[in-house]
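One letter stands for each residue in the lines below.
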Amino acid sequence: MSFTLLSSPLQGFTDFRFRNAINKYFGGIDTYYSPYIRLNGKLVIKSSYERDLLPENNVGLEVIPQVITNDADEFLFVSKYVQQLGYKELNWNLGCPYPMVTKSGMGSGLISNTEKINHILERAHNETDIIVSMKMRLGYDTTEEILDVLPILDKYPIKNIAIHARIGKQLYKGGVHLDAFQQCIDNTKHKLYYNGDITSVAKFHEMQQRFPSIDHWMIGRGLIADPFLPSMIKSDSAEYPKNKMELFSAFHDTLYEGYSTSLSGQTHILLKMHHLWEYFSVIFSNPHKVHKNIKKSKSIRNYEAAVKEVIAKG
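Residues numbered from 1 in each chain as written. Predicted model: local features only at pLDDT ≥ 70, side-chain atom pairs only at ≥ 80, totals over all residues. Heavy atoms only, no water.

K.L.:
Outline the overall build of the protein chain, supporting the account with residue identities and numerical values.
P.N.:
Along the protein chain, the regular secondary structure elements total 14 helices and 9 strands. Here the protein chain has a C-alpha radius of gyration of 20 Å; the compact-globule value for 314 residues is 20 Å, and the two agree. Taken over the C-alpha atoms alone, the protein chain extends approximately 55 × 45 × 35 Å along its principal axes. By the burial criterion, 54% of the 314 residues in the protein chain qualify as buried. In the form shown here, the protein chain has an accessible surface area of approximately 14200 Å², with 51% of it arising from carbon and sulfur atoms. Looking at charge distribution, the protein chain has the averaged site of its 36 positive side-chain charges lying 8 Å from that of its 33 negative ones. (Helix = DSSP H or I, 4+ residues; strand = E, 2+ residues; numbered from the N terminus. Rg over C-alpha atoms; globule rule 2.2 N^0.38 Å. Buried < 20%, exposed > 50% of the residue type's maximum accessible area, 1.4 Å probe, protein only. Areas by Shrake-Rupley, 256 points an atom, 1.4 Å probe, with all protein chains shown as cover. Lys, Arg positive; Asp, Glu negative; His and termini not counted. Charge placed at Lys NZ, Arg CZ, Asp CG, Glu CD.)

So, in C-alpha cells, the structure goes:
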C-alpha cells in the first residue's frame, strides 16, 4: 500500500528554513505543515508568520498553513490572508498541549467545547471557500473527548483530520493511546492521518500493521531528532547512508547560517541551536554526552568548535 509522509508542525522548529534544509539534504517528506498562526485578538499577521509562508521562501515544497484560534473572525481573517498568498487549504490546530495555549481555550484545550467548534466550522464553510483540515489530540483530560467532536466534524466537508494519539495534559510524556485512535477510525466518516511516536523504521512498520487503513503518517519530533528517518521509511531501510555525518554537517551548517543571519545577537542564535540539539543529539552514539557538550558552549566560537568535534567523532 502506498503512503504519504507529512511533517507535523512544531512551533519554534519547523519553519521555512528547517523545511528547505530537510528537503534539500534528506527528502522523504511529501507535505509540510507550517507552525500555527496565532493572532491573540488582533487581526494583524506578524512579519515572522508572513516570512514563513511567503511562496518565495517555500519553492518546491508543498506547504499547508495552520491557524490556532477559538474565534471565528480570526479563522476567517487568516483564511483570507493565506488565500491571498495562493494557499487553498488551512489546517486548524486543536492539538497544541502547552498550558499557555490550552488555558486560553485553544489547541487541545478547545476539544471539549463542541459548541464553539461547530460555530467556527459553520462560519468557515459558509463564509469562505477555503479547504479546512484539522490537527487534533484525543482530548485534553480524557481520550473520550474527541468522540463527542467527531459527529460534529462529520457535518462538514473537512479534508482530513490528523490525530496525535495523546491527550493534551500528557504534553509529550507517556505512551500513545492506540486503542483510542482505533475508536476514532471506527467513529468517523472522515479521512484520518496518524501522528505520534514514529521515531524509527521499525516503529513505522508497527503502526502500519496496527492501522492498515491509514495511508497518511505525520512525523513531528521524530523528524527533528532524525532527519534521515523519512527517506529511510520510504526506502524501507534501517541503514543510514555511508555519508551520514557529511550530510548532517551540511544540513546543520545551512540551518546555522540561516539562523545566524535572521536572529539578532549571540544569545538568540545559541538558544535556537541548543534547542535543536536537544533533538539532533539522538542520532549520535552518546546522545546525553553530545547534548551536554553542545549546551556547555556559551559563545559562538565555542559552539562552532563543539559542533565540529561532535561531528568528527560521529
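K.L.:
Residue-level account of the environment of K244, with values.
P.N.:
With respect to the element layout, K244 can be found in helix α11 (residues 244-262). Taking the C-alpha atoms as reference points, K244 and F228, separated by 16 residues in sequence, lie 8.5 Å from one another. Setting aside its immediate chain neighbours within four residues, K244 contacts F228 and I283. A distance of 3.0 Å separates a polar side-chain atom of K244 from the backbone oxygen of I283. (Contact = heavy atoms within 4.5 Å. Polar contact = N/O pair within 3.5 Å; in protein donor to acceptor, adjacent residues only side chain to side chain.)

K.L.:
Outline the packing of aromatic side chains, supporting the account with residue identities and numerical values.
P.N.:
The geometry of an aromatic ring pair comes down to the distance between the two centres and the angle between the two planes. Taken as a whole and judged by the stated rule, the model has 21 aromatic pairs. Arranged with centres 5.3 Å apart and planes meeting at 85 degrees, the rings of F248 and F280 form a pair that is edge-to-face. Taken together, the residues span a long stretch of sequence, with F248 in helix α11 and F280 in helix α12 (residues 266-280) at a distance of 32 residues. Given a relative accessible area of 0%, F280 falls into the buried group. An angle of 50 degrees between the planes, with centres 5.3 Å apart, marks the rings of Y256 and Y303 as tilted. (Phe/Tyr/Trp six-rings, centres within 6.5 Å; stacked < 30°, edge-to-face > 60°.)

K.L.:
I'd like a description of the sheet that holds strand β4 (residues 66-67), backed by residues and values.
P.N.:
With respect to topology, 9 strands assemble into an open sheet ordered β3-β2-β1-β9-β8-β7-β6-β5-β4, the strand pairing being parallel. Two strands close off the open sheet at either side, each with one partner strand: β3 (63-64) and β4. Inspection of the sheet shows strand β5 (residues 89-94) paired to strand β6 (residues 131-137) by 6 bridges, in the parallel sense. Paired with L94 across the bridge in β6 is M136. (Pairing = 2+ DSSP bridges.)

K.L.:
Pulling in residues and values, what's your account of the pattern of salt bridges?
P.N.:
In total, this model carries 12 salt bridges according to the counting rule given. K234 is the partner of D30 in a salt bridge, and the nearest nitrogen-oxygen pair spans 2.9 Å. With D30 in the loop between α1 (16-25) and β2 (31-33) and K234 in helix α10 (residues 229-234), this pair connects stretches of sequence that are 204 residues apart. For K234, a relative accessible area of 36% puts it in the partly exposed group. Several salt bridges share partner residues, and in doing so they unite D73, R123 and E127 into one network. (Salt bridge = Lys/Arg side-chain N within 4 Å of Asp/Glu carboxyl O.)

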